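# Structure assessment
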Amino acid sequence: MMESTTNRSFPLLPALNLPGGLRELSQEQLTQLAAEIRDEICNVYALRSVHLASNLGAVELCIALHTTFDFTQDRLIWDTGHQIYPHKILTGRLDRFQTIRTKDGLMGFPNPAESPFDLMMTGHAGCSIGTALGLGIGDDFLQGKDKRHSVAVIGDGAFSSGVVYESLNHAGALKKNLTVILNDNKMSICPRVGGLANHLDTLRLHPRYNRLKQKLHLLVDNLPLISTPLDSLLRCFKDTLKTWLHGGAIFEKLGFRYIGPIDGHNIPRLQRFLKMSRQLEEPVLLHVFTEKGRGYQPAVDNPTEYHAPKPQAANHQFAEIQSTVLHINSDFRRPQITSFTEHIRNAIARLMTENDKVCVITAAMCQGNMLEPIQAAFSDRFFDVGICESHAAVFAAGLAKAGMIPIVDIYSTFLQRSYDQLFQEISLQNLPVIFTLDRAGLTGADGPTHHGIFDIAYLRPFPNFVVMAPADANDADEMLPLAVRLKCPVAIRYPKADAPMMPQTEAVELGRASVVKPGKDGMIAVLGAFLQDALEAAEGTDVAVVNARFVKPLDRDTLFEPLRHGQFLITVEEGMSAGGFGSAVLESANELGLDTRRIRRLGIADNYVEHGSRRELLDAVSLNADGIRKALEQLR
C-alpha cells in the first residue's frame, strides 16, 4: 500500500452533501478538501492501475467549477475524460470510488449511466468544445436564452486536434457565451508536441509577462467582480499581451475573449475568473496552468510514466521502466518481451535498423505503444504528430509517395478518427502505408471508448488494403517484414495482451492460413490470439484448428475445405461480428456457392462492451474455450 499524500483523516468528504454542500465551505476547507480528494485517488492507485497524474492535477479546477456553477442546470463537458476522478468524487460517487475501473464498478471516463452530472461518455480528444456549443445553442432554443451556461474543459494535449479549431471557429462566429477552459499542464499522455505547444510555452516562460501577471492579479483580487475599471484593466492587459507576445491573439482572432493564463491551483482566483466568464456575453477561453501529478512528487517528476501506472511502489517503478528501456534499446534483436505491443515495437526497430527508408509515426501514443526506445535510437525518423490522427494518415501518405516506408503505430480505436484519409489519401492512391493497430479488441479497464472492435469492419471495404492479425509472437515478428514487401496499404491488428509462442511451422505468406491442428470433422478458424482457446475446445476431437492470419485476402482453399465436404466451420475473432472476419468468410462462401448454413461466427454482438479486465470481458462475450466448445457441440 503506498503512503498517503497527507496524514489527515477525512472529516469533510464523507459528511458533505455533494456537490451542493461545497458552496458552504470556506477557502481553508476547500484547500483541505483538495488534499482529501488526492488521498482518495492515491489510495485507489495503490490497488490498481488508474489515470493518476492527470487527475491529481485537476483537483482545484474541479472544485472551482462545482463551487461556481450549478451543474444541475449548467452544462459541463470534460474533453477526453480521463481527468474525471475529482468530478466523480464531488458528484456523489465517493462511496463507489474504490470500484473505479473494475467490472461493474465506476468507469474511468464520464458515464451518463452513473450520474446525470456526466453528460457524455467521452474518451477521444478534441470534441468537448463543439459538444458544449451544441448544448448551449440547443438549450437556448428549448429552455430560453442564457438559462443554462455551457463549459468545456480541454487539455493542451488535445488542443492540437483539428476539430478543436473547427469548433472554436464556429463558436466565435455565433458569439455564444460559452466558457472553454484550456487546462494547460504541458502534457497529453506524453509531452505535447508542435507549434501550438511552443506557442503556449511562451506564455509560461516569458519573464516580462509573468511579472505583469503577478501585478495584475494583486489588483484584480482587490477589485469588485465586474466594474468599468476592471474591464478596462483586462482589456489593457489583453492588448499588452498581444503587443509583447501575441499570447491570446490567436483565440481573439477566432472570436473568443482570452483570459489568462492563471494559476489552476488557486481556488479563489479560479472562482473569480470563472464567474467573470459566466457574465461576459461572448465566448471565453480561460487559460489555466496546472501541474500534472500535483501533490504526489513521483508523478510530478515523471508525469508520463504516471499517466496510468501499474499499482506498485512508485519509487521503484520508474527505475524498473528505465532499466527495461535501456535493455531493449541495447539490442532490439534479443529483447526479453511478452506483449504483442513489445513484439511489434521491436519488429519496427529491426526494420528501421535494416532500412533507412522506414519511419514511424505516432499520434501522441509514444508511451502506450512503447516507442520510447525507437524515439531515442531513430529520432530523425520518429514523428509524434500529437493528437491528430487524420494528419498522421495524410502525413504518412505524403511520406509514402515520396518513397519512404511509413509505419503508423496507433491504437485501433483512434484510427477511426482518420477514416476519410484512409479512403482518399491511402487506399485510393494505393500507397504503401503500414498501420500497426495496437489495442485491437477488448482493451480492459478503459472500456467502450477505447475498445478496438470496429477496425476489421471499417478496413475490409477498402480496395488495395491487406488486413492481417497475428496469433502469436512468431506471427507478429514475421508480419511487418511481409507488409514492407507488399508495397500496398496494410493493417496489422493485435490485442493488448501477451503474445504466446504457439507450435506453428508455416511461415507467414500473403493470404495463407496455417493449419495448427489437422482434423476431418469440421474446423475452428481463429483470427488473432485465440489459438490456445480453440485447441483446448477441440481437444479430444477430430476438429481442425486453423490460424487464419488474414482477413483480406482470405485463404479460401484452406478455410472452405470443411464446407466442401459438408462439415462445419466456426470463425472466432475479437471484433464486431457485423462486418468482421466471420462476415468476410460468410460472404466469400456465398460467392462460391457453398452451403453457409454450417458456418457459425463467434465475435462481439451488436452492443457496446463495458469495462473490466480483458479476461473478464472475453468471458462475458463467450470468446473463450468454453464459448468455442459450446458452438462446436451445437454443430457436431
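I will try to describe carefully the structure that is included in this document. Residue indices follow the written sequence of each chain, beginning from 1 at its first position. Restriction of local features to residues with pLDDT of at least 70 applies here, the model being predicted, together with a cutoff of 80 or more for giving and counting side-chain atom pairs; totals for whole chains, interfaces and linings are based on all residues. As a rule here, side-chain values cover all heavy atoms of the structure and leave hydrogens and water aside.

### Points about the pattern of salt bridges
We count a salt bridge whenever a side-chain nitrogen from Lys or Arg sits within 4 Å of a carboxyl oxygen from Asp or Glu. A full pass over the atoms with the stated rule returns 27 salt bridges. The shortest N-O distance in the salt bridge between Lys88 and Asp118 comes to 3.8 Å. In this pair, Lys88 sits in helix H4 (residues 85-90) while Asp118 sits in the loop between H4 and helix H5 (128-143), placing the two residues 30 residues apart along the sequence. Only protein chains enter the calculation, and the probe is 1.4 Å; a residue is then buried if its accessible area is under 20% of its type maximum, exposed if over 50%, and partly exposed in between. Judged by its relative accessible area of 0%, Lys88 falls in the buried class. Helix numbering and strand numbering both begin at the N terminus, where a helix is a DSSP run of H or I of at least 4 residues and a strand a DSSP run of E of at least 2.

### Considerations on the nonpolar core
As used here, the term nonpolar core means buried Ala, Val, Leu, Ile, Met, Phe, Trp, Tyr and Cys residues forming a set that is joined through side-chain atoms within 4.5 Å. In terms of nonpolar packing, the biggest core is built from 53 residues, with Leu33, Ile37, Ile63, Leu65 and Ile181 touching the most fellow members. No other element matches helix H1 (residues 27-45), which puts 8 residues into this core. Only heavy atoms enter the contact rule, under which two residues are in contact if any of them lie within 4.5 Å. Setting aside anything within four residues of it in sequence, one finds Leu33 in contact with Leu12, Leu13, Leu16, Leu22, Leu25, Ile63 and Leu90. In terms of nonpolar packing, the next biggest core, distinct from the first, is built from 50 residues, Met365, Ala392, Ile456 and Met523 among them.

### So, H5
With 16 residues, H5 ought to run about 22 Å at 1.5 Å a step, and its terminal C-alpha atoms sit 21 Å apart, in line with that. Within H5, the full set of buried residues consists of Ser128, Ile129, Ala132, Leu133, Gly136, Asp139 and Asp140. Down the axis of H5, the sector holding all buried residues measures 130°, keeping them to one side. Away from its buried face, by an angle of more than 90 degrees, H5 presents the exposed residues Phe141 and Leu142. Residues of H5 that are buried sit in contact with strand E1 (75-78), strand E2 (150-155), helix H6 (162-174) and strand E3 (179-184). Helix span, expected: 1.5 Å multiplied by one less than the number of residues in the helix. This arc corresponds to the set of directions leading from the helix axis out to the C-beta atoms.

### What about the side chain of Glu114?
Within the element layout of this structure, Glu114 appears in the loop between H4 and H5. A polar contact is formed between the side chain of Glu114 and the side chain of Lys88, at a distance of 2.7 Å. Apart from residues no more than four positions distant in its own chain, Glu114 is found in contact with Lys88, Arg93, Gly105, Leu106 and Met107. For the purposes of these results, a polar contact is taken to be a pair of N or O atoms within 3.5 Å, where, inside protein, one atom must be able to donate a hydrogen and its partner to accept one; residues adjacent in sequence count only when each atom of the pair is a side-chain atom.

### Overview of helix H21 (residues 531-538)
The buried fraction of H21 is high, at 6 of 8 residues. Those residues of H21 lying buried are Leu531, Asp533, Ala534, Leu535, Ala537 and Ala538. Contact partners of the buried residues in H21: strand E12 (514-517), strand E13 (522-526), strand E14 (544-547) and helix H26 (625-635). Gly540, located one to two residues past H21, shows a positive phi value of around 80°.

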